[in-house]
Amino acid sequence: MISSVKSAMRASATFIRHWQKKRIRQKILNKKTKRAQHHYDPTPEITFVIQFFNKKQNVNQIFRAIQPFEHAEIIVIDDGSIDGSHKEWMRLLTKPNHFLLHSNDLHEVITYDRALRMAKGKFACLLQDDDFPIGEKWVTEALNLLNNYPTMIILGGKSGLEVKLPDEPKHKNDNEYSITENIASAPGITKYRLFSDPIYLCPRTNVPFMFCSAINRAPMFVNTQAYLKLGGTDLSFAPFQCDDFDICLRAWKSGYKVGFYHANFRRNINIGGMRLFNAEIVSGQAAKNWKKIYQIHSHFIAEEVHQLVKAANSSLDKIEGHIS
């Protein structure tokens, strides 16, 4: 009797193992069949690069927002998430031009630069994990602008900046950050005019647009090869803050242009990420990197970049009601 039970148990275990192997083989075959329907494209027009950290609840919506661009390359940087985000991205990134990179809490300066060096798109679009794109126009308008202005190698869709030299502090502790009208300032640290909407209209595309000295990502579209030709992201700004302003100023210095249009995004969705896990160092990091910006670019900011931006904007149509 005991022998019969043992034999039945062994037979049952053998059947289960066989069934499990069959299921695994079928899953592999299904994935291969699914992927065979798509071909690897070595020269996509655009690569989406998504910096991601511990926002599992945002994965599906971000992916759905870029999914309509089926011929795009997608590179997701999972920067050490521990909330199951990695598994969610693995479930969704199933095409030959989909890549999932894992890094260990390196932050955006290093990870964006590494991802851009493997991107194959003519243009790359840098995205963040707490912004939800709406519709498809934000991409089609951006590509239209980039293709119409070949010397514009950076295009931002969040805000544009007119970077100025900082005011001198009136007293020792007078360095508090504030925004008055559209002038953002922290005496002794930084000062810039902030544009939340363009004040010009592109006559070639009829899209509200302007050239500006710098942009604040994301989205941040770049001409991939030109961006890398400039040396890519300056890693001395790591782990985060102000590297986007630096590459914009370097672009103007090198004879390129930087533009700004309004991308329709929902922003700051769900808590998490850099400002939650690194809140105590954000302001100090910003102050340190703004100091670096002025050490490198102060003469260019004071004497040259504004004239270059003004000349570039002279080819655009003024939007009625806006003050230059």
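Placed above this text is the structure.
Notes on the structure in this doc start here. What you see is a predicted model; the values in this text were computed from it and never measured.

Concerning the sheet that holds strand β7 (residues 159-164)
Okay, step 1: A sheet is described by the order of its strands in space; here five strands give the open sequence β8-β9-β10-β7-β13, paired in antiparallel fashion. The sheet is open, and its two borders are formed by β8 (178-180) and β13 (214-216), each paired with just one other strand. This sheet shows a mean twist of 35° between the axes of neighbouring strands, independent of strand direction.
Okay, step 2: Where β7 meets β13, three bridges bridge the pair, whose relative direction is antiparallel. Its bridge partner being in β13, Gly160 is matched across the sheet by Ile215.
Okay, step 3: Where helix α7 (residues 243-253) meets the sheet, it contacts β7 and β13, and its direction lies at approximately 155° from that of β13.

Details of the sheet that holds strand β12 (residues 209-211)
Okay, step 1: One open sheet holds the eight strands; their spatial order is β3-β2-β1-β4-β14-β6-β15-β12, and the pairing between them is mixed. Edge positions in the sheet fall to β3 (98-102) and β12, since each has one partner strand and no second. The average angle at which neighbouring strand axes cross in this sheet is 20°, direction not considered.
Okay, step 2: Direction of pairing for β12 relative to strand β15 (residues 257-261): antiparallel, over a ladder of three bridges. Of the residues in β15, the one forming a bridge with Phe211 is Gly259.

What about the pairing of strand β14 (residues 220-223)?
Okay, step 1: Both faces of β14 are covered, namely the face carrying Met220 and Val222 and the face carrying Phe221 and Asn223.
Okay, step 2: Here four bridges tie strand β4 (residues 123-128) to β14, and the two strands are oriented antiparallel to one another. Bridge assignment links Cys125 to a residue of β14, and that residue is Phe221.

Observations regarding the nonpolar core
Okay, step 1: With 85 residues, the main nonpolar core has Phe48, Trp138, Ile154 and Phe209 as its most contacted residues.
Okay, step 2: Once you skip the residues sitting within four places of it in the chain, Trp138 turns out to touch Phe48, Ile66, Cys125, Leu127, Pro133, Pro219, Phe221, Tyr261, Ala263, Asn264 and Phe265.

Observations concerning the packing of aromatic side chains
Okay, step 1: Taken as a whole and judged by the stated rule, the model has 13 aromatic pairs.
Okay, step 2: Where Phe48 meets Phe69, the ring centres are 5.8 Å apart and the plane angle is 50°; that geometry is what we call tilted. Within this pair, whereas Phe48 is found in strand β1 (residues 46-52), its partner Phe69 is found in the loop between α2 (59-66) and β2 (73-78), the two being separated by 21 residues in sequence.
Okay, step 3: In this structure Phe69 comes out as buried when scored by relative accessible area, which is 15%.
Okay, step 4: The rings of Phe48, Phe69, Trp138, Phe221, Tyr261 and Phe265 are connected pair by pair, giving a single aromatic cluster.
Okay, step 5: Sitting over the face of the ring of Phe237, Lys292 holds its NZ or CZ atom 5.7 Å from the ring centroid.

Quick look at the environment of Val76
Okay, step 1: In this fold, Val76 is placed in strand β2.
Okay, step 2: Under the relative-accessibility criterion, Val76 is labelled buried at 0%.
Okay, step 3: When the C-alpha positions of Val76 and Asp129 are compared, they lie 10.0 Å apart, and in sequence the two are 53 residues distant.
Okay, step 4: If near-sequence neighbours (up to four positions away) are discounted, Val76 is found in contact with Ile50, Phe52, Trp89, Leu93, Phe99, Leu100 and Leu101.

Considerations on helix α4 (residues 108-116)
Okay, step 1: Of all nine residues that make up α4, seven are buried, and the element is covered over most of its length.
Okay, step 2: All of the buried residues in α4 are Glu108, Val109, Thr111, Tyr112, Asp113, Ala115 and Leu116.

Concerning the side chain of Thr224
Okay, step 1: Position of Thr224 relative to the elements: it lies in helix α6 (residues 224-229).
Okay, step 2: If we ignore the near neighbours within four places in the chain, the residues touching Thr224 are Leu116, Ala119, Gly121, Lys122, Phe123 and Ala124.

Some details on the layout of surface pockets
Okay, step 1: Put simply, the second largest pocket is a space of about 300 Å³.
Okay, step 2: Forming the walls of the second largest pocket are 16 residues, and the residues nearest its centre are Glu162, Tyr200, Val309, Lys310 and Asn313.
Okay, step 3: Those elements that provide at least two residues to the lining of the second largest pocket are β7, β10 (190-195), β12 and α10 (305-313).
Okay, step 4: Of all the elements, α10 adds the most residues to the lining of the second largest pocket, at four residues.
Okay, step 5: For the lining of the second largest pocket, the per-class residue count stands at eight nonpolar, five polar and three charged.

Examining the pattern of salt bridges
Okay, step 1: Under the criterion given, the structure shown has eleven salt bridges.
Okay, step 2: Between Arg217 and Asp243 there is a salt bridge whose closest N-O contact spans 3.0 Å. Taken as a pair, Arg217 in the loop between β13 and β14 and Asp243 in helix α7 lie far apart in primary sequence, 26 residues in all. Considered together, Arg217 and Asp243 belong to a single accessibility category, that of buried residues.

Section: the pairing of β7
Okay, step 1: The sheet contact formed by β7 and β10 spans five bridges and is antiparallel. When the bridges of β10 are listed, Val163 appears paired with Tyr192.

Quick word on empty space enclosed by the protein
Okay, step 1: Under the defined criterion, the tally for this structure stands at one cavity of 30 Å³ or more.
Okay, step 2: Around the largest cavity, the lining residues are Ile62, Leu127, Gln128, Asp131, Pro133 and Phe265.
Okay, step 3: For the lining of the largest cavity, the per-class residue count stands at four nonpolar, one polar and one charged.

Thresholds, definitions, all that
Residues numbered from 1 in each chain as written. Predicted model: local features only at pLDDT ≥ 70, side-chain atom pairs only at ≥ 80, totals over all residues. Heavy atoms only, no water. Pairing = 2+ DSSP bridges. Helix = DSSP H or I, 4+ residues; strand = E, 2+ residues; numbered from the N terminus. Axes fitted to C-alpha atoms, helices over the stretch in contact; angles between N-to-C directions. Contact = heavy atoms within 4.5 Å. Buried < 20%, exposed > 50% of the residue type's maximum accessible area, 1.4 Å probe, protein only. Core = buried A, V, L, I, M, F, W, Y, C linked by side-chain atoms within 4.5 Å. Phe/Tyr/Trp six-rings, centres within 6.5 Å; stacked < 30°, edge-to-face > 60°. Lys NZ or Arg CZ within 6 Å of the ring centre and 35° of its normal. 1 Å grid on protein atoms, 1.4 Å probe; cavity = no way out; pocket = protein on both sides within 12 Å on 5 of 7 lines; lining within 4 Å. Points joined across faces, edges and corners; volume = space filled by probe spheres on them. Nonpolar A, V, L, I, M, F, W, Y, C, P; charged D, E, K, R; others polar. Salt bridge = Lys/Arg side-chain N within 4 Å of Asp/Glu carboxyl O.

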